[in-house]
Amino acid sequence: MDKDFHREFKKCPACGSENRFLEELGNELKERGLAREEWIMHLDVREGHVVDQVKEAAIPIGSDVPAFGIITDVCMDCGCIYAGVLQRRDAKKGLPPVGKMPPGTSQKGKPLINPFSSS
Ligand SMILES: [Zn+2]
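The structure displayed is predicted, hence computed values, not measured ones.

A. Fine view of the overall build of the chain. Summing up its helical and strand segments, the chain has one helix and four strands in all. Counting all 119 residues of the chain, 8% fall into the buried class. Put simply, of all contacts in the chain between residues at least 6 apart along the chain, 62% involve residues at least 24 apart.

B. Region of the structure containing the environment of F5. Within the element layout of this structure, F5 appears in the segment before β1 (6-8). Sequence separation of F5 and L86 is 81 residues, and the distance between their C-alpha atoms is 7.8 Å. Discounting residues that sit within four places of it in the chain, F5 has contacts with Q87 and R88.

C. Spatial organisation of the sheet that holds strand β3 (residues 64-74). Reading across from one edge, β1-β4-β3-β2 is the order of the four strands in this open sheet, with antiparallel pairing throughout. For this open sheet the edge positions go to β1 and β2 (44-49), each flanked by a neighbour on one side alone. Between one strand axis and the next, the sheet turns through 15° on average, direction left out of account.

Scoring rules and cut-offs
Residues numbered from 1 in each chain as written. Predicted model: local features only at pLDDT ≥ 70, side-chain atom pairs only at ≥ 80, totals over all residues. Helix = DSSP H or I, 4+ residues; strand = E, 2+ residues; numbered from the N terminus. Buried ≥ 20, exposed ≤ 12 C-beta atoms within 10 Å, placed from the backbone. Contact = placed C-beta atoms within 7 Å. Pairing = 2+ DSSP bridges. Axes fitted to C-alpha atoms, helices over the stretch in contact; angles between N-to-C directions.

Next up, the structure:
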C-alpha cells in the first residue's frame, strides 16, 4: 500500500446519495452559529496503529508502524454506514496512541483500546 494512501468517498456506495446524517446535523449547528464553519460532524473518527500484540515487544521504539485514520457517516437516503475517508500514514512506536472516541460511546471503567498495551 502507498505510505500516504488517502481516499475520500463523497457518495454513498449503495445508492449514490451525498446526504450524510451526522454531517447534516452538524450543518444545522453551523447555520445557527453554534459550530465553526470548518468543523464537520461524523458518525465516528478512528485513528490508531496496526500492531500484532504478540509481536509488539520485538518492534524497537522509534520504528515506523502503519497507522490509520477512518471517518464514517450514515447515508440519509438508504441508511448505509460507509467510510468517508480512509487514510494511511506512518507512526513512530513509543508515542502515545492517537485515539478518539465519539461522544457517548466510552464505557465507564473500560479503558480505550491501546495497540501498544501489554494486555
Ligand atoms: Zn445510500
